[in-house]
Amino acid sequence: MIVKRLKFKKILVIALIGLLPATGAFAQDTITVSLPKALEIALSESPTIKVANKEIQRVNYSKKERKGGLFPSVSLSGAYQRAIKKQKMFFSFPGMPANPDGIEVGQDNTFTGGISASLPIISPTLWATINMSELELELAEESARSSKISLYNQVTKAYYGILLTQDSYNVIKRSYENSNENARIIYNKFKQGTVSEFEWIRADVQARNILTSVVSAENAVNLSKLQLMMLMGIDMNTEIKVEGKLADFESVMYSEVLNIDASKLDKNSDLKQFEIQMKQLAQTEKIHKSSLLPTLGASLNYQYMSYANDSNTFNADQYWFPTSTLGLQLTIPLFQGGAKHYKSKQLKIQREELDLQQENLKRSLQLQTISQMNNIKNALKKIESNKESLRQAEKGLSISQKMYEVGMATFLDLNNADLNYRNAGLAYNQSIYDFLSSKADLEKLLGKEF
């Protein structure tokens, strides 16, 4: 009676758990995702890529803004002045009457309106700054490429992570099914009186303990899918089905390793960005040197002016007259207290610092490349060993079950065989994932693009 109650409760719990996701995911479309499709969606929908593309647009506009300095600058102007107290003229020439109160001169109102234009004719600093814009655009494009490579790496590893959790779930689920079947057989033997109640209790407890692992593995699958959806930039309520399993990649592992040239770091994004930054520093030095050169600019002013008293403002008696000027302005910097000299010293030290940092970066990348290659080689060795271990564990599990049924093995032997199978299956999947993860990290170091 107790056994029947336990079975009924177990069935009820499983039924309730099965109903829970149905209420949240009702009427949701399921997307079947492969690795190429996941990468394609991520590269088109990910906010990271969109931000990188926006940055390229921003730098492009900045470049055009600086080129605008080569064209004339034109502006309109207007001014009005009201004479509150007019100027006075005083005469003190011999033979002329004195005028101690003076004579007021000028008009009550002054109106001015005109147009002015300026054009740089010789401007070395402006020219050098425009060249800096080209490097800023190059850096923005390389930064966008780095974002794509990084996203490619994250999506790829997230996809492999889902395969790992799914395959691990299948291993644990099979172990749980084996434990359930063993518990059923032992329970039947217990009813027939061929085994003790203690042995049946041990088998039942073992199956329930593995059920906890099944639930944890299922939760790991769901979390890994959510992580992939976040990287892909799709709705988190979307249902996705991930194709494939880790063992599918085993057939192409060795050929992929042979095609990897770990010595080529010329496409590494960090290194390329560093090289562009060094070019920017060199261009900064050119801008600094150009500030020591003379500049020449042209200017044009054309104005209409009017002086009028209140009695003839804005009527036919108000007189307007034009004025215009055309000029050139030459500026030659001579001395600024040694500021330019010390600025040159600073730029030189910055260049030396970048040289040292670049050398350190190259060594760091070489170390990471060697480390990833070692991880790949070790993973290949583990895969071969774990594959054979899994084959033997599956065979051992089958033999132990048959032996237990005929009374030639103990429950401990059966339990050990199931534990060996579970550990071997998890280790095999983990070794394949380690290989794929290390390969993805190595491709990121080498700057491989999707």
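You'll find the structure just up there.
My aim in this report is to walk through the structure given alongside it, one point at a time. Note that the structure is a prediction, hence the values are computed from the model and not measured. Counting restarts for each chain, with residues numbered from 1 along the sequence as it is written. Owing to the predicted nature of the model, reporting of local features is limited to residues with pLDDT of at least 70; listing and counting of side-chain atom pairs is limited to 80 or more, with chain, interface and lining totals taken over all residues. The side-chain values count all of the structure's non-hydrogen atoms but skip hydrogen atoms and water molecules.

Description of the overall build of the protein
Think of it this way: any DSSP run of H or I at least four residues long counts as a helix, any run of E at least two long counts as a strand, and we number them from the N terminus. The helix and strand tally for the protein stands at nine helices and eight strands. Projected onto its principal axes, the C-alpha coordinates of the protein cover approximately 155 × 55 × 35 Å. In the protein, buried positions account for 36% of the 450 residues. Contacts in the protein between residues far apart in sequence, at least 24 positions, make up 84% of those at least 6 positions apart. Partly exposed residues are those whose accessible area sits between 20% and 50% of the maximum for their type, while under 20% is buried and over 50% is exposed, using a 1.4 Å probe and protein chains only. For this analysis, residues touch if any pair of their heavy atoms sits within 4.5 Å.

Some details on the nonpolar core
Buried residues of nine kinds, namely Ala, Val, Leu, Ile, Met, Phe, Trp, Tyr and Cys, make up a nonpolar core once their side-chain atoms join them within 4.5 Å. Counting residues in each nonpolar core, the largest one holds 56 residues, and the members touching the most others are Val155, Tyr160 and Phe435. Elements supplying a minimum of two residues to this core: α2 (35-45), α4 (124-192), α5 (197-232), β6 (239-242), α6 (253-258), α7 (269-290), α8 (339-405) and α9 (411-445). In terms of residue count, the dominant contributor to this core is α8 (twelve residues). Not counting residues within four places of it along the chain, the set of residues in contact with Tyr160 comprises Leu35, Leu246, Phe249, Tyr433, Leu436 and Ser437. The next biggest cluster of nonpolar side chains, apart from the first, holds nine residues, and it includes Ile186, Ala203, Tyr404 and Phe411.

Some details on α8
Along an α-helix, residues three or four apart share an orientation, since each turn contains 3.6 residues. Expected helix span is taken as 1.5 Å per residue step, with the number of steps being one fewer than the number of residues. Over its 67 residues, α8 runs 93 Å from end to end, which matches the ideal 99 Å to within 8%, given 1.5 Å per residue. Just downstream of α8, Gly407 is the residue with a positive phi angle, here 85°.

Comments concerning the pairing of β6
Only one face of β6 is buried, namely the one carrying Ile240 and Val242, since none of Glu239 and Lys241 on the opposite face is buried. In the sheet, strand β1 (residues 30-33) pairs with β6 via four bridges, with the strands oriented parallel. Within β6, the position partnered with Thr30 by the bridge is Glu239. In this analysis, strands are considered paired if DSSP registers two or more bridges between them.

Some points on the packing of aromatic side chains
The pairing test for Phe, Tyr and Trp rings, Trp by its six-membered ring, is centres within 6.5 Å, and the orientation test on the planes gives stacked under 30 degrees, edge-to-face over 60, and tilted for anything in between. Applying the stated criterion across every chain yields a total of eleven aromatic pairs. An aromatic cluster of at least three residues, connected via ring pairs, comprises Tyr80, Phe111, Phe314 and Trp320. The lysine or arginine in question, Lys189, covers the ring of Tyr404, its NZ or CZ lying 4.5 Å from the ring centre. A ring has a charge above it when a Lys NZ or an Arg CZ is no more than 6 Å from the ring centre and no more than 35 degrees off the ring normal.

Details of the side chain of Asp441
Note on placement: Asp441 falls in helix α9. Polar contacts, as counted here, are pairs of nitrogen or oxygen atoms within 3.5 Å of one another; within protein the pair requires one atom able to donate a hydrogen and one able to accept it, and residues that are adjacent in sequence qualify only if both atoms are side-chain atoms. One polar contact links Asp441 to Asn153, side chain to side chain, over a distance of 3.1 Å. In this structure, Asp441 is in contact with Asn153, Lys157 and Gln372, ignoring residues within four places of it in sequence.

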